[in-house]
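Listed here are the chains, written in short residue letters.
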Amino acid sequence: MDITLGTILGFFGIAIAVALPGVGSAIGVGLVGTAGSGVVTEDPDKFGQILLLQVIPGTQGIYGLLSGLLLMGKLNVFSFGNPLMLTTHEGALVVMAAIPVAIVGWFSAIHQGKVAAAGVGVAAKRPEELGKAVTFAAMVETYAVLAFLATLLLIFGIPIKGVA
């Protein structure tokens, strides 16, 4: 079986759709965990509030994984050893479809982690205001959702016939 350049590009698109938002989410979740550990050391009862803030930057990794799974389905990756052979044009379209969730997911997860880490201070000093801290972090999510939506629309719009 000869692998085409288009198929390599298609697999590259899957890789960036999954990896970049995943890295961003890992960084974002780590930022909140670092900030939250000090608070939980002082007051273990605040663990639930801190955990709520910590999971928020993890959603971009989920969006990236879902995008990657959809692309894998489109490229017949689940046939185990018999993926669809793409033309170079089709492979380039797969990469372009992956770019919104990859780039926006990567950066928004890191910035959402910074906002949520700042919210840890709110949870520590004014726990009754936790909803505001969650709202600030959720606002960053808006752009990740928009990028995920753009990627989904692009994936469903790719006309793939493959190489005969």
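Preceding block: the structure.
Residues numbered from 1 in each chain as written. Predicted model: local features only at pLDDT ≥ 70, side-chain atom pairs only at ≥ 80, totals over all residues. Heavy atoms only, no water.

Visitor: Report on helix α5 (residues 130–157), specifying residues and quantitative values.
Guide: With 28 residues, α5 extends 41 Å between its outermost C-alpha atoms, agreeing within 8% with the 40 Å of an ideal straight helix rising 1.5 Å per residue. Residue V140 marks the point of greatest curvature in α5, where the axis turns by about 25 degrees. Turning to α5, its buried residues number three or more, namely L130, A133, A137, V140, E141, A144, A147, F148, T151, L152 and I155. Buried-residue contacts for α5 involve α2 (47–55), α3 (59–74) and α4 (88–125). (Helix = DSSP H or I, 4+ residues; strand = E, 2+ residues; numbered from the N terminus. Expected span 1.5 Å × (residues − 1). Bend = angle between axes of the 7 residues up to and from the residue. Buried < 20%, exposed > 50% of the residue type's maximum accessible area, 1.4 Å probe, protein only. Contact = heavy atoms within 4.5 Å.)

Visitor: Describe the side chain of S25, listing the residues and the values that go with them.
Guide: In this fold, S25 is placed in helix α1 (residues 5–42). For S25, a relative accessible area of 6% gives the class buried. At a separation of 2.8 Å, a polar atom in the side chain of S25 contacts the main-chain amide nitrogen of G61. (Polar contact = N/O pair within 3.5 Å; in protein donor to acceptor, adjacent residues only side chain to side chain.)

Visitor: Report on the nonpolar core, specifying residues and quantitative values.
Guide: Core analysis: the largest hydrophobic core is formed by 19 residues, its most contacted members being L71 and V94. For this core, the secondary structure elements donating two or more residues are α1, α3, α4 and α5. With six residues, α4 is the largest single contributor of residues to this core. Residues in contact with L71, not counting those within four places in the same chain, are G13, I14, A17, V94, A98 and I155. A117, A123, A133 and A137 belong to the second largest nonpolar core, which has 12 residues in total. (Core = buried A, V, L, I, M, F, W, Y, C linked by side-chain atoms within 4.5 Å.)

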